[in-house]
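Here is what each chain is made of, one letter per residue.
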Amino acid sequence: MKDRIYLNDNEVILNFDLVYPETSLEVIKSKEFKVFMQSYIAHLEETDSKLYNWATQGKSLQTAIEALSTFARQTLVFSADEIESPYIEDRASALSFVEGMYDFWKAHERYSVTTDRRRESSSTTFVHADSSHNQLIMATYRRIEETLMGRANKIYRQQPAGTNAALSLYKNESFKLGARYESLRKVKFIDSIMLRTPMILHPKSNKREWAFQQVYENPLDTFKGNSDEFFCFPAKVGDLTVFVYFHRDFMSNGVSLANLFELASKKEASKKPDCVLIFGNDDGKNACTFYHDEEENIWVGSVTYNEKISYFGYMKKTVLTLHNVAMMQKGWLPIHGAFVNITLKNGKSKGICLMGDSGAGKSETIEALKSLGNEKIKNIEIVFDDMGTFHVEDGTVYAKGTEIGAFVRLDDLDPGTPYRDMNRSIFFNPDLSNARVITPAAPYSVVTDNHHVDLFAYANNYDEDLGLHEFENLDDAKTVFVEGKRMAKGTTQEVGLSTTYFANPFGPMQQQEICDPIIDKVYECLKDNGVFIGEVYTHLGRDPEDRESIVKGAEEILRFIEEN
């Protein structure tokens, strides 16, 4: 990024390579401070005419900004009684302006980036630099505030006054893709990320609407992006590496990947990726697409630049779609579900997998198991919370995961659940419906290990039955799983009762001819392994408040573990 500061209506990115103030005076004198003040005054013009008139005092905008900057510098040095300025004559308005500008700053999502080459790869210099900047912004605000109040504060709140997150970047000198991908060569890669958690974000979109489409033209042919406006998060998704290139207007999405996917090291990112995603591609298509580049043997995804894609689900699901089509190419079966290893205090241990589309009740049933098992369960190990794979190895079906975190609806969890790990979590629009949280869930070593499957149940959120049901006939089981029926809950564009091939619109639905024989092979092997194949009834689509049905299903799963 060549800009010293990048500012839009809800985001600020500070380039510490080009500007790094070390004193309050340097902050106030900086061009970046004046750029932000200009944005704030424009905001006042629309929202508070009285404060706008106080700020401008009949002057031109640029003259007013210079005068206010001079006034701010005076408050750093003198007491209010010593200041000679027309602004000090209305001290109440001066204080309202300062507090309002500080709140306007904090209302933005704020990030710092640096490519400090002096540091060692294992160093946290960028974290210390960002933390020092945070303290500086807070101290500057408090000094000005206390000058205008004429007294010290009585209550001090240690808020993240600087940034919400910091990124350490580098140029990937080992770019292994061909000439067709030349436009991506100069994009900086993310080496490390610092998050100030709990992190609360307010994206403009709160649900996913676009479907995922396979296309037969490379999205790179329509990519006209400026490499200085993109960043790359090299994500380890299960056993694959996906280079996620995202436009800086969607920095919150790219940074939030840190709670969901393992960040590849420089050495790992020096190899050719399995998949590439362009997130925020200004192609005018309003679509989520994926393409197989047979020449490079990689999968390429594209999500059109649009305000809608600020919803994190677009980034997460496109990454998983690329993972799924790549794994089906290897003969592995993508599972849209949740997998946990449950170990009882008596030593029994079982691998439990619940499958279903969004809102089916997978995560809710797992959470109910956690609550139920206080006396009987020794440990619950999460392997995946949304997407994983089944594969056959030496005549046995094994499960693997994709994500080290969980992206779940707050509405569907017990009230206390989101707060267990809130100090490590990222929240999205917690004040709105379909509010979400990303919480770290499992170490990468656990996610990518082979896990034995003992129970495989479809999460049925639409039927009135209760508990757990085992299929006697394998064809009946495949019919239910492949039909992928569920009652939609408003997390996507769907409403009412719907069906999705294999409950997985993220690859299998688009490539049914590839997925069908893999399903047959895996289910036959599950049967031969004596795996329980059935349904668990959640009622979540019938009545989202009906927690008793979810508890009933969890109780029967717990009984299965005890008795087998």
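All values derive from a computational prediction rather than experimental measurement.

Considering the overall build of the chain
Logical step 1: When helices and strands are tallied, the chain shows 14 helices and 27 strands.
Logical step 2: Since a compact globule built from 564 residues should have a radius of gyration of about 24 Å, the 26 Å found for the chain is in line with a globular shape.
Logical step 3: Looking at the 564 residues of the chain, the share that counts as buried comes to 60%.
Logical step 4: Intrachain contacts of the chain at a sequence separation of at least 6 include 76% that bridge at least 24 residues.

Details of the layout of surface pockets
Logical step 1: Its volume calculated, the largest pocket comes out at about 410 Å³.
Logical step 2: Surrounding the largest pocket, 20 residues form its lining, Lys106, Arg110, Pro160, Asn164 and Ile200 being those nearest its centre.
Logical step 3: Among the elements of the structure, α5 (91–107), β3 (109–114), α6 (125–149) and β6 (199–201) are those that each provide at least two residues to the lining of the largest pocket.
Logical step 4: When the residues that make up the lining of the largest pocket are grouped by side-chain class, the tally is seven nonpolar, nine polar and four charged.

As for the pattern of salt bridges
Logical step 1: Summed over all chains, the structure comprises 23 salt bridges.
Logical step 2: The shortest N-O distance in the salt bridge between lysine 316 and glutamate 403 comes to 2.3 Å. Of this pair, lysine 316 sits in helix α9 (residues 312–329) while glutamate 403 sits in the loop between β18 (396–401) and β19 (405–409), placing them 87 residues apart in sequence. Accessibility classification places lysine 316 together with glutamate 403 in one group, the buried group.
Logical step 3: For the salt bridge of glutamate 556 with lysine 552, the shortest nitrogen-to-oxygen distance reads 3.7 Å. Placement of the pair is glutamate 556 and lysine 552 together in helix α14 (residues 547–563), with a separation of four residues, close to one helical turn.
Logical step 4: Given the relative accessible area of 18%, glutamate 556 is considered buried.
Logical step 5: Linked by salt bridges that have partners in common, Lys316, Lys317, Asp386 and Glu403 make up one network.

Points about empty space enclosed by the protein
Empty space left among the atoms is revealed by rolling a probe the size of a water molecule over them.
Logical step 1: Tallied over the entire structure, the rule returns two cavities of 30 Å³ or more.
Logical step 2: If you go around the largest cavity, you meet 27 residues; those closest to its centre are Val27, Ile28, Phe33, Met101 and Ile137.
Logical step 3: Among the secondary structure elements, those contributing two or more residues to the lining of the largest cavity are α1 (24–29), α2 (31–47), α4 (61–77), α5 and α6.
Logical step 4: Across the lining of the largest cavity, the residue classes tally to 22 nonpolar, four polar and one charged.

A closer look at the sheet that holds strand β21 (residues 436–440)
Logical step 1: Spatially, the four strands line up as an open sheet ordered β6-β20-β21-β19, and their pairing is mixed. Of all the strands in the sheet, just β6 and β19 have a single pairing partner and so form its edges. The mean inter-strand angle of the sheet, taken between neighbouring strand axes irrespective of direction, is 20°.
Logical step 2: Relative to β21, strand β20 (residues 426–428) runs antiparallel, the two sharing three bridges. In the sheet register, phenylalanine 427 faces β21, and the bridge partner there is valine 437.

Notes on the environment of alanine 72
Logical step 1: Along the chain, alanine 72 turns up in helix α4.
Logical step 2: In this structure alanine 72 comes out as buried when scored by relative accessible area, which is 9%.
Logical step 3: Placed 202 residues apart in sequence, alanine 72 and aspartate 274 show a C-alpha to C-alpha distance of 52 Å.
Logical step 4: Not counting chain neighbours up to four residues away, the residues in contact with alanine 72 comprise Ile28 and Ile144.

Topic: the packing of aromatic side chains
Logical step 1: Applying the stated criterion to the full structure yields 34 aromatic pairs.
Logical step 2: Pairing phenylalanine 290 with tryptophan 299 gives two aromatic rings, centres 6.2 Å apart and planes at 50°, and the pair type is tilted. Each member of the pair, phenylalanine 290 together with tryptophan 299, is buried.
Logical step 3: Here the aromatic cluster, defined as three or more aromatic residues joined through ring pairs, consists of Phe36, Tyr40, Trp54, Phe71, Tyr87, Phe97, Phe104 and Trp105.
Logical step 4: One cation-aromatic arrangement involves arginine 248 over tyrosine 6; the distance from NZ or CZ to the ring centre is 3.7 Å.

Considering the environment of proline 21
Logical step 1: Relative to the helices and strands, proline 21 is located in the loop between β2 (11–15) and α1.
Logical step 2: For proline 21 and serine 132, which are 111 residues apart along the polypeptide, the C-alpha to C-alpha distance reads 10.0 Å.
Logical step 3: Apart from the residues within four sequence positions on either side, proline 21 is in contact with Glu26, Val27, His133 and Leu136.

Cut-offs applied
Residues numbered from 1 in each chain as written. Predicted model: local features only at pLDDT ≥ 70, side-chain atom pairs only at ≥ 80, totals over all residues. Heavy atoms only, no water. Helix = DSSP H or I, 4+ residues; strand = E, 2+ residues; numbered from the N terminus. Rg over C-alpha atoms; globule rule 2.2 N^0.38 Å. Buried < 20%, exposed > 50% of the residue type's maximum accessible area, 1.4 Å probe, protein only. Contact = heavy atoms within 4.5 Å. 1 Å grid on protein atoms, 1.4 Å probe; cavity = no way out; pocket = protein on both sides within 12 Å on 5 of 7 lines; lining within 4 Å. Points joined across faces, edges and corners; volume = space filled by probe spheres on them. Nonpolar A, V, L, I, M, F, W, Y, C, P; charged D, E, K, R; others polar. Salt bridge = Lys/Arg side-chain N within 4 Å of Asp/Glu carboxyl O. Pairing = 2+ DSSP bridges. Axes fitted to C-alpha atoms, helices over the stretch in contact; angles between N-to-C directions. Phe/Tyr/Trp six-rings, centres within 6.5 Å; stacked < 30°, edge-to-face > 60°. Lys NZ or Arg CZ within 6 Å of the ring centre and 35° of its normal.

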